[in-house]
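Analysis of the macromolecular model
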Amino acid sequence: LQTRMQSLQPDPKAQYRSVYEALKKMVLTEGLWRPLRGVNVTMLGAGPAHALYFACYEKMKKSLSDIFQPGGNSHLANGIAGSVATLLHDAVMNPAEAVVKQRLQMFNSPYTSVLGCVRAVHRTEGFGAFYRSYTTQLTMNVPFQAIHFITYELLQEHLNPHRQYNPSSHIVAGAVAGAVAAAATTPLDVCKTLLNTQENMALSSLNIRGHLSGMANAFSTVYQLGGVPGFFKGVQARVIYQMPSTAIAWSVYEFFKYFLTKHALEKK
């Protein structure tokens, strides 16, 4: 839904006024499973990407907190740790989630499968196409994760000051942190979607030939086609997506962190 609603020059059959209308229209005209297209490639990359992500975050958070605020919790350390962890996460996820998944999700996508999409992109645009938006992705995700981690840790200080395993606090803090970070970085996400999908109708309307590249070009294109409101296309869908996503991620992560730590202590 987010990918569709961020389209700058959508097909008349794929113009939506709200998240609910988009979901209803997609299911009725394209089938019940259409909104889940691309889930397999996301799942394939999510395991290794999140393993690197949280391992790096925990290690750096502890090391930097000892430097910035010995014995305490440093928000600066949390932000830096989250930003560095994003470099590793996006290196794995960018080709799978940002390029292949979003091309599969576009209206009237010419790709019928993940493998078919990978082969076609590689053949017509080269290997570099899978990382064309990597720097753009980082430009968006570094501030996103910095805001996300700082907000989560800040909320944990108030909701769970003793830092015990508390599922409700992890869910609430995760959801709010995801919503705040998602809303704040939507303009960057719109530009990233344009670079990933290379939306033909949008580029043709401005007589842009070849492939659009670079954040500056993406910003200029979005502004020419949609003005300031264009940068916030799909913000509602983005927030609705990120809230449960970050809530689930943090609650599952905190559970396994508690379970494995407890198990290790019992063994000792």
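For the structure, see preceding data.
What comes next is a walk through the structure.

Here is what the cut-offs are and how they apply
- Residues numbered from 1 in each chain as written.
- Predicted model: local features only at pLDDT ≥ 70, side-chain atom pairs only at ≥ 80, totals over all residues.
- Heavy atoms only, no water.
- Helix = DSSP H or I, 4+ residues; strand = E, 2+ residues; numbered from the N terminus.
- Rg over C-alpha atoms; globule rule 2.2 N^0.38 Å.
- Buried < 20%, exposed > 50% of the residue type's maximum accessible area, 1.4 Å probe, protein only.
- Contact = heavy atoms within 4.5 Å.
- Areas by Shrake-Rupley, 256 points an atom, 1.4 Å probe, with all protein chains shown as cover.
- Lys, Arg positive; Asp, Glu negative; His and termini not counted.
- Charge placed at Lys NZ, Arg CZ, Asp CG, Glu CD.
- Salt bridge = Lys/Arg side-chain N within 4 Å of Asp/Glu carboxyl O.
- Expected span 1.5 Å × (residues − 1).
- Bend = angle between axes of the 7 residues up to and from the residue.
- Core = buried A, V, L, I, M, F, W, Y, C linked by side-chain atoms within 4.5 Å.
- Axes fitted to C-alpha atoms, helices over the stretch in contact; angles between N-to-C directions.
- Left-handed = near helix turned anticlockwise from the far one by under 90°.
- Nonpolar A, V, L, I, M, F, W, Y, C, P; charged D, E, K, R; others polar.
- Patch = residues over 30% accessible without salt bridge, like charges linked within 9 Å, V, L, I, M, F, W, Y side chains within 5 Å.

Notes on the overall build of the chain
- Scanning the chain for helices and strands turns up 11 helices and zero strands.
- For 268 residues, the compact-globule estimate of 2.2 N^0.38 gives 18 Å, and the chain sits close to it at 20 Å.
- Dimensions along the principal axes, computed over C-alpha positions, put the chain at roughly 60 × 35 × 35 Å.
- Per-residue burial over the chain gives 46% buried out of 268 residues.
- Contacts in the chain between residues at least 24 apart in sequence constitute 71% of all its contacts with a sequence separation of at least 6.
- Roughly 13800 Å² of accessible area belongs to the chain as shown, and the carbon and sulfur atoms make up 65% of that amount.
- Averaging the coordinates of the 24 positive side-chain charges in the chain and doing the same for the 14 negative ones gives two points 6 Å apart.

Comments concerning the pattern of salt bridges
- Per the stated rule, a full pass over the model turns up 11 salt bridges.
- A salt bridge links Asp-66 to Lys-62; the shortest N-O distance between them is 3.8 Å. Taken together, the positions of Asp-66 and Lys-62, both in helix H3 (residues 39-68) and four residues apart, correspond to about one turn of that helix.
- Given the relative accessible area of 44%, Asp-66 is considered partly exposed.
- Judged by its relative accessible area of 58%, Lys-62 is exposed.
- Measuring nitrogen to oxygen at the nearest pair gives 3.3 Å for the salt bridge that ties Asp-189 to Lys-192. Highlighted residues: Asp-189 and Lys-192, both in helix H8 (residues 186-197), separated by three residues, approximately one helical turn.
- Classification of Lys-192 as buried rests on a relative accessible area of 8%.
- Three or more residues are tied together by salt bridges with common partners; here these are Glu-58, Lys-61, Glu-153, Arg-163 and Lys-257.

Section: helix H10 (residues 215-230)
- For H10, spanning 16 residues, the distance from its first C-alpha to its last is only 15 Å, which falls clearly below the expected 22 Å at 1.5 Å a residue.
- Along H10, the largest kink reaches about 85° and is centred on Gln-224.
- Here H10 has its buried residues at Met-215, Ala-218, Thr-221, Val-222, Gly-227 and Gly-230.

Focus on the environment of Glu-97
- Its location among the elements puts Glu-97 in helix H4 (residues 75-105).
- For Glu-97, a relative accessible area of 16% gives the class buried.
- Here the alpha-carbon distance between Glu-97 and Gly-79, two residues 18 residues apart in the chain, equals 24 Å.
- Excluding its chain neighbours within four sequence positions, the residues that come into contact with Glu-97 are Thr-42, Gln-102 and Tyr-241.

A short note on the nonpolar core
- Residues Leu-8, Cys-191, Leu-194, Leu-212 and Val-222 are the most contacted members of the largest nonpolar core, which totals 14 residues.
- Mapped by element, the contributors of at least two residues to this core are H8, helix H9 (200-205) and H10.
- Ranked by the residues each element gives to this core, the list is headed by H8, at five residues.
- Beyond its immediate stretch of four places on either side in the chain, Val-222 contacts Leu-8, Val-190, Cys-191, Leu-194, Gly-227, Gly-230 and Phe-231.
- If you look at the next biggest cluster of nonpolar residues, it comprises 12 residues, including Tyr-53, Ala-81, Ala-85 and Phe-149.

Quick look at the packing of helix H7 (residues 167-184) against helix H11 (residues 235-267)
- Where H7 contacts H11, the two axes come as close as 7 Å, and the packing angle between them is 145°. For H7 against H11, the interelement crossing comes out right-handed. Side by side, H7 and H11 meet where His-170, Ile-171, Gly-174, Ala-175, Gly-178, Ala-179, Ala-181, Ala-182 and Ala-183 of the first sit next to Val-235, Arg-238, Val-239, Gln-242, Met-243, Thr-246, Ala-247, Trp-250, Ser-251 and Glu-254 of the second.
- Partitioning the contact of H7 with H11 into residue classes produces 11 nonpolar, six polar and two charged.

Brief notes about a nonpolar patch on the surface
- A cluster of nonpolar side chains, namely Tyr-165, Ile-248, Val-252, Phe-255, Phe-256, Tyr-258, Phe-259 and Leu-260, defines an oily patch on the protein surface of about 750 Å² accessible area.
- Looking at the element boundaries, Val-252 is found in helix H11.

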